[in-house]
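The primary structure of each chain is shown beneath.
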Amino acid sequence: MNLFYAILGEDAANSLESRLAARPAHLHRLEQLRAEGRLLLAGPFPAIDSPDPGPAGYSGSLVVAAFDSLEAAQAWANADPYLAAGVFARVDVRPFRRVLP
């Protein structure tokens, strides 16, 4: 049974250049989840109050998707290109209970 899990990545300081370089590979994995019907939502946290933070960059990202288990969600998060590229300083994976909508 697939359950939802929230994957919260916290960006390392000065990681915008690495984020931009790893973005195509990161998005490809998200598109795979979407194609499988498992992606609830995904997106970055702008570092400033703006939809386009420019050079201020981002403070992290959130992915909410369905996985078979916490271990499977953690394994998926551990293979993220943002983690491999040093964009994420820390990744937290938690069970998520969708209530609305």
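Keep in mind the model is a prediction, meaning the values are calculated, not measured.

**Brief notes about the environment of Ala 13**
- With respect to the element layout, Ala 13 can be found in the loop between β1 (3-11) and α1 (16-35).
- C-alpha of Ala 13 to C-alpha of Asp 92: the two residues are 79 residues apart in sequence and 17 Å apart in space.

**Details of the sheet that holds strand β3 (residues 58-67)**
- Across the sheet, 4 strands lie side by side as β2-β3-β1-β4; this open sheet has antiparallel pairing. Looking at strand neighbours, the two that pair on one side only are β2 (39-46) and β4 (88-96), the edges of this open sheet. Each strand axis lies, on average, 15° off the axis of its neighbour in the sheet, ignoring direction.
- Note that β2 and β3 share 7 bridges and pair antiparallel. Across the sheet, the residue bridging to Gly 43 is Leu 62, located in β3.
- The strands touched by α1 are β1, β2, β3 and β4; relative to β3, the strand with the most contacts, the crossing angle is about 15°.
- Together, β1, β3 and β4 form the strand contacts of helix α2 (residues 70-78), whose direction differs from that of β4 by roughly 155°.

Reading guide: rules and limits
- Residues numbered from 1 in each chain as written.
- Predicted model: local features only at pLDDT ≥ 70, side-chain atom pairs only at ≥ 80, totals over all residues.
- Heavy atoms only, no water.
- Helix = DSSP H or I, 4+ residues; strand = E, 2+ residues; numbered from the N terminus.
- Pairing = 2+ DSSP bridges.
- Axes fitted to C-alpha atoms, helices over the stretch in contact; angles between N-to-C directions.
- Contact = heavy atoms within 4.5 Å.

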